[in-house]
Amino acid sequence: MTAVADRPTTTPAPRGRPVAPGRVLVRGSAAHRGLQVAGLLLVVALLVWASTWPLFRMGQLTNVFVLAIAIAGLNLVTGYTGLLSIGHSAFFGLGAYTTGVLVVQYGFDAMLTVPVAIGFCFVAGLLVGLPSLRIHGLYLALVTLAVGVAFPELVRRFDDLTGGAAGLVIRARLLTPPEWTGISRAQRGIWLFWVSAIALVLVLLLVRNLTRSRAGLAMRAVRDHELAAAAQGVHVARVKILTFGLSAAITGLAGALFAMYVGALAPDGSFTLLKSIELVTGLVLGGAATLLGPVVGAVAVVFLPYLTSLVAPGPVSGIAFGVLLIALVFLMPEGVVGRAQIALRRVVTVVDADHPALARTARDPGGPPEPDGQQPGPPPSTDEDQPR
């Protein structure tokens, strides 16, 4: 009689993302640090070069930096945590009006109002994030939509403080750069350019460190499978509320910088639902849950309408812009940065020092990485291999 043994089970895949064929770069190694330093020097060189442009072009870049900060805040709550928000224009406006009111009505220095705007927006974000504990998806989106629609009406209601429908004008003399900078009032655009650029770099560093920490893992766990995250010990309610608060604070920072940039605020201007749609569009185009996606998305939102108006002037430019957006979303659903990351992994992959691919490379330096992250092992046994 033939004795049939149980077939061995498939070897489980090791933890860590599968490594595509190409160069493997260890995170934290000398080569990896060298690439990071080279990238940082390139960014600094580009900023120094851009600071020599005409003030109009520098103003466009300042607008890009401010929008990128706002989109980075939206990216935290929507891209990394999976909570759809269509009301971030309210946080953007709250930050802007906090700076405007404190400067015009109470004589604050413009830069000193930035921490206050961040704090107010953080508290507002905590309050708006409370409904996310009970509702999800489109229902949460409707709640945030209501907040975004209600903000301009609140600005009109408190006209003694905000200027109402007539708007709030911040005089140029109230936005004069500090004396230690040596920048005159006429060159205020240079000062705002560097302030916005430095703020964007700091925000990106904050997002990078946060998303690579245990808090970032908890955010992605809540996004991917909320019940499984709760079963693994993740405090889902805390993650949602704090992420909403931090996201609103970052967007409020962008609003404060925007108030200093434009110098004039109106409820029907840059704080309506169209601003929320603009932020969501930039997030989708750049790439959700990516570090540099907000920057690329802000560039697209600012410059694509201008480029389409050159190609198709008049009302046709709006149609051309819409067709271009549809084409980009269809061809690159991951966003520009997401698609670029997929292509880059075919050339080089950055892994941690304990990634299983490094152990396989040490055992077989000349062999390619195992497909799908599987560990090599003996072939599965068959009935013919069993003893009779």
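Residues numbered from 1 in each chain as written. Predicted model: local features only at pLDDT ≥ 70, side-chain atom pairs only at ≥ 80, totals over all residues. Heavy atoms only, no water.

### Overview of empty space enclosed by the protein
Part 1: Following the criterion strictly, the structure yields two cavities of 30 Å³ or more and no others.
Part 2: Tallied by class, residues from the lining of the largest cavity come to nine nonpolar, one polar and one charged. (1 Å grid on protein atoms, 1.4 Å probe; cavity = no way out; pocket = protein on both sides within 12 Å on 5 of 7 lines; lining within 4 Å. Points joined across faces, edges and corners; volume = space filled by probe spheres on them. Nonpolar A, V, L, I, M, F, W, Y, C, P; charged D, E, K, R; others polar.)

### Focus: the pattern of salt bridges
Part 1: If you walk through the whole model with that rule in mind, you get six salt bridges.
Part 2: The residue Lys240 makes a salt bridge to Glu226 at a minimum N-O spacing of 3.0 Å. One end of the pair, Lys240, is in helix H10 (residues 236-262); the other, Glu226, is in helix H9 (residues 226-231), and 14 residues separate them in sequence.
Part 3: By relative accessible area, Lys240 is classed as buried at 1%. (Salt bridge = Lys/Arg side-chain N within 4 Å of Asp/Glu carboxyl O. Helix = DSSP H or I, 4+ residues; strand = E, 2+ residues; numbered from the N terminus. Buried < 20%, exposed > 50% of the residue type's maximum accessible area, 1.4 Å probe, protein only.)

### Structural notes on the layout of surface pockets
Part 1: Quantified by volume, the second largest pocket comes out at close to 450 Å³.
Part 2: Every residue lining the second largest pocket is counted, 18 residues in all, and those nearest its centre are Leu94, Tyr97, Thr98, Phe151 and Thr162.
Part 3: Listed by contribution, the elements that provide at least two residues to the lining of the second largest pocket are helix H3 (88-106), helix H4 (113-129), helix H5 (137-157) and helix H6 (159-162).
Part 4: Taken together, the residues that form the lining of the second largest pocket break down as 16 nonpolar, two polar and no charged.

### Details of H4
Part 1: The end-to-end C-alpha distance of H4 is 24 Å, a good match for the 24 Å that 17 residues give at a rise of 1.5 Å each.
Part 2: Residues of H4 that are buried include every one of Thr113, Val114, Ala117, Cys121, Ala124, Gly125, Val128 and Gly129, and no others. The buried residues of H4 all sit within an arc of 130° when viewed along its axis, so they share a single face. Of the exposed residues in H4, the ones pointing more than 90 degrees away from its buried face are Pro115 and Leu127. (Expected span 1.5 Å × (residues − 1). Arc of directions from axis to C-beta.)

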